[in-house]
Amino acid sequence: MNILHTSDWHLGQNFFTKSRKDEHQAFLDWLLNVIQAREIDAVIVAGDIFDTGTPPSYARQMYNQFVVELSKLTCTLVVLGGNHDSVSTLNESKQLLACLNTHVIANTSGDIDQQVIELNDEAGQVGAILCAIPFIRPRDVLQSRSGESSEEKKHALSDAIKAHYATIYQHALTRREKHKNSVNKHIPIIATGHLTALGVSQSESVREIYIGTLDGFAADGFPPADYIALGHIHRPQKVAKSEHIRYSGSPIPLSFDELKSQKQVVLVEFDKQGQRSITPLDIPLFQPMAMLKGDLDSIKAQLAHYPAAGDDTSDTASTADDVFGQAPSESQGDEKPTWLCIHVDVQDYLSDLQQSIQTLTEGRNVEVLQLRRTRTRASQGLNQINNETLAELTPFEVFEKRLELENFEGQEAQQRLTHIRQTFSEIVEEVRHKEAK
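Residues numbered from 1 in each chain as written. Predicted model: local features only at pLDDT ≥ 70, side-chain atom pairs only at ≥ 80, totals over all residues. Heavy atoms only, no water.

**Student:** I'm lost on helix H1 (residues 21-37) in this one. Help?
**Tutor:** Along an α-helix, residues three or four apart share an orientation, since each turn contains 3.6 residues. An ideal rise of 1.5 Å per residue puts 24 Å on 17 residues; H1 measures up with 24 Å between its terminal C-alpha atoms. When H1 is considered as a whole, its buried residues turn out to be Glu23, His24, Phe27, Leu28, Trp30, Leu31, Leu32, Val34 and Ile35. Just downstream of H1 lies Glu39, where phi reads positive at about 55°. (Helix = DSSP H or I, 4+ residues; strand = E, 2+ residues; numbered from the N terminus. Expected span 1.5 Å × (residues − 1). Buried < 20%, exposed > 50% of the residue type's maximum accessible area, 1.4 Å probe, protein only.)

Structure (structure tokens):
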């Protein structure tokens, strides 16, 4: 039984006004080739198919066309809803896609039996049983009680998620017992999830999904499944040092800091005795991207390695330690321009920093999508406040900077500050839930 684990496609994403359509299409084409070459029996997409609850029409078309092409390969597709996905958007084509060997589980509030899926192997027999658990919205598993503290809400939500996993896993065990007499082999049980597990490394593009209630789900809350395919965290990684609990990560970099880790899908193979083999498969970088760091002189030196726009070749590949992502390569002049994030380390903030960078990059086959000043202790001064732009800050950083202007001395004031932060987090989470509907 060969299973491919992927997640966080975020079809329809705009990246600093740049469309990712070509990158996503290149990834889907690459994925179809891998599925055919590796003889994959089932593909699990662990949430966040789309970037927003109202994806553009081209993203929906891309998704539907992938399902059509995959159905020609006699491969089962399981699509789990994520926190970015709209339940209604995924459900609108659910019945139609079911005719193309595709299971869509948009949320947890439906029939429990629908979240237990039998996956067939190449012989048409049951090769694995899937606990298909999507993003769990607190309102789907938990009733809010008045007067609860934030700590009590956190424990209640964690217990509710753990109980939901236990219920689905028990149904999977029951389903496996029914096949023991008809199938002379061990049938593995696989579980999914779209959440933040404790101790994982996140990236800038990940939105917290349990803000104000649950910081992360403990790994011991998962059932004893043979493999657990997770989504939401964009960096591929193991959870709690467990080989069988993994995030596959997003297939393309959704923020510049994700360039430091290789993008992957995860191949999980089970033999007839139930022995498991896990193999990460590296995904190519379909759009040249890089992060440059240093002072202006260092940035200028690093940019010199990029070819002039229209050149057929570049001089040499960059060897700067502060360059992450796609280094300039030969014959790059006729290819796509490299998208850059530039971190400028300067002693005094320059009012004409953007103009200086524009001058340095003029004529090069690059596009600067993000320009940042490296934060140091000196950067907390008034000079930074006057020159920093909103593009350099996250909403939470803007909120914290506003709080810094207030006086919260004393125990009572600190309690009020904690309450303000808690309220802000809950408001942000409520807005995101409404956007996902």
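**Student:** What's the story with the sheet that holds strand S12 (residues 242-247) in this structure? I'm lost.
**Tutor:** To summarise the sheet geometry, strands pair through backbone hydrogen bonds and adopt either a parallel or an antiparallel arrangement. The sheet built from six strands is open, its strands ordered S7-S8-S9-S10-S12-S11 with mixed pairing. Edge positions in the open sheet fall to strand S7 (116-120) and strand S11 (237-239), since each of these has one partner strand only. Ignoring strand direction, the axes of neighbouring strands in this sheet form an average angle of 35°. In terms of strand pairing, strand S9 (residues 189-194) meets strand S10 (residues 227-231) through five bridges, oriented parallel. When the bridges of S10 are listed, Ile190 appears paired with Tyr227. Most of the contacts of helix H6 (residues 150-179) go to strand S8 (residues 126-131), to which it runs at about 160°, and overall it touches S7, S8 and S9. (Pairing = 2+ DSSP bridges. Axes fitted to C-alpha atoms, helices over the stretch in contact; angles between N-to-C directions. Contact = heavy atoms within 4.5 Å.)

**Student:** Before we go on, may I ask you to explain the nonpolar core in this structure?
**Tutor:** Within soluble globular proteins, side chains that are nonpolar generally end up buried alongside one another. Membership of the largest hydrophobic core comes to 35 residues, with the highest contact counts inside it found for Leu4, Trp9, Phe27, Leu31, Ile35, Tyr63 and Phe66. Per-element accounting of this core gives the leading share, seven residues, to H1. Once residues lying within four places of it in the same chain are set aside, the contact partners of Phe27 are Thr6, Trp9, Pro251, Val265, Ile283 and Phe286. Membership of the second largest hydrophobic core comes to 26 residues, among which are Leu157, Tyr169, Leu195 and Phe222. (Core = buried A, V, L, I, M, F, W, Y, C linked by side-chain atoms within 4.5 Å.)

**Student:** Sorry, what's going on with the sheet that holds strand S1 (residues 2-6) here?
**Tutor:** Strand order in the open sheet formed by six strands is S6-S5-S4-S1-S13-S14, with mixed pairing between adjacent strands. Bordering the open sheet on either side are strand S6 (102-105) and strand S14 (276-282), each of which pairs with just one other strand. Within this sheet the neighbouring strands show an average axis-to-axis angle of 15°, counted without direction. With four bridges connecting them, S1 and strand S13 (residues 264-270) associate as antiparallel partners. Residue pairing in the sheet places Leu4 in a bridge with Leu267 of S13. Here H1 sits on the sheet in contact with S1, strand S4 (42-46), S13 and S14, set at roughly 165° to S1. Relative to strand S5 (residues 76-80), helix H2 (residues 57-71) is tilted by about 155°, and along the sheet it contacts S5 and S6.

**Student:** Please explain the pattern of salt bridges as it appears in this structure.
**Tutor:** A side chain with one charge can pair with a side chain of the opposite charge if their charged atoms come near. Following the criterion strictly, the structure yields nine salt bridges and no others. The closest approach of N and O atoms between Lys72 and Glu69, which form a salt bridge, is 3.4 Å. Owing to a relative accessible area of 28%, Glu69 belongs among the partly exposed residues under this scheme. With a closest N to O distance of 3.3 Å, Arg235 and Asp257 form a salt bridge. Taken as a pair, Arg235 in the loop between S10 and S11 and Asp257 in the loop between S12 and S13 lie far apart in primary sequence, 22 residues in all. In this structure, a network of salt bridges that share partners links the residues Lys238, Glu243 and Arg246. (Salt bridge = Lys/Arg side-chain N within 4 Å of Asp/Glu carboxyl O.)

**Student:** Help me understand the side chain of Asp41 in this model?
**Tutor:** One can find Asp41 in the loop between H1 and S4. Residue classification places Asp41 among the buried positions, given a relative accessible area of 10%. Sequence-distant contacts of Asp41, that is, excluding residues within four places in its chain, are made with Met1, Asn2, Cys75, Thr76, Asn120, Asp121 and Glu122.

**Student:** For this particular structure, what's the right way to read the confidence of the model for the protein?
**Tutor:** Any residue range with low pLDDT should be treated as having predicted coordinates unsuitable for detailed reading. Averaged over all residues, the pLDDT of the protein equals 83, while 78% of them reach at least 70. Here residues 329-333 is modelled with pLDDT under 50, and outside its nearest four sequence neighbours on either side it reaches 16 contacts, counting other chains as well. (pLDDT = per-residue confidence, 0-100.)

**Student:** What is the right way to read the packing of aromatic side chains from this model?
**Tutor:** Centre-to-centre distance and the angle between the planes together describe a pair of aromatic rings. Inspection of every chain in the model, using the stated rule, returns eleven aromatic pairs. With a centroid separation of 5.8 Å and 75° between ring planes, the pair formed by Trp9 and Phe27 is classed as edge-to-face. Remark: Phe27 occurs in helix H1 and Trp9 occurs in the loop between S1 and strand S2 (14-15); sequence separation between them is 18 residues. An identical accessibility class is assigned to Trp9 and Phe27; each is buried. Ring plane angle 90° and centroid distance 5.3 Å describe the contact between Trp9 and Phe66, whose orientation is recorded as edge-to-face. Note that Trp9 is positioned in the loop between S1 and S2 and Phe66 in helix H2, a separation of 57 residues in sequence. (Phe/Tyr/Trp six-rings, centres within 6.5 Å; stacked < 30°, edge-to-face > 60°.)

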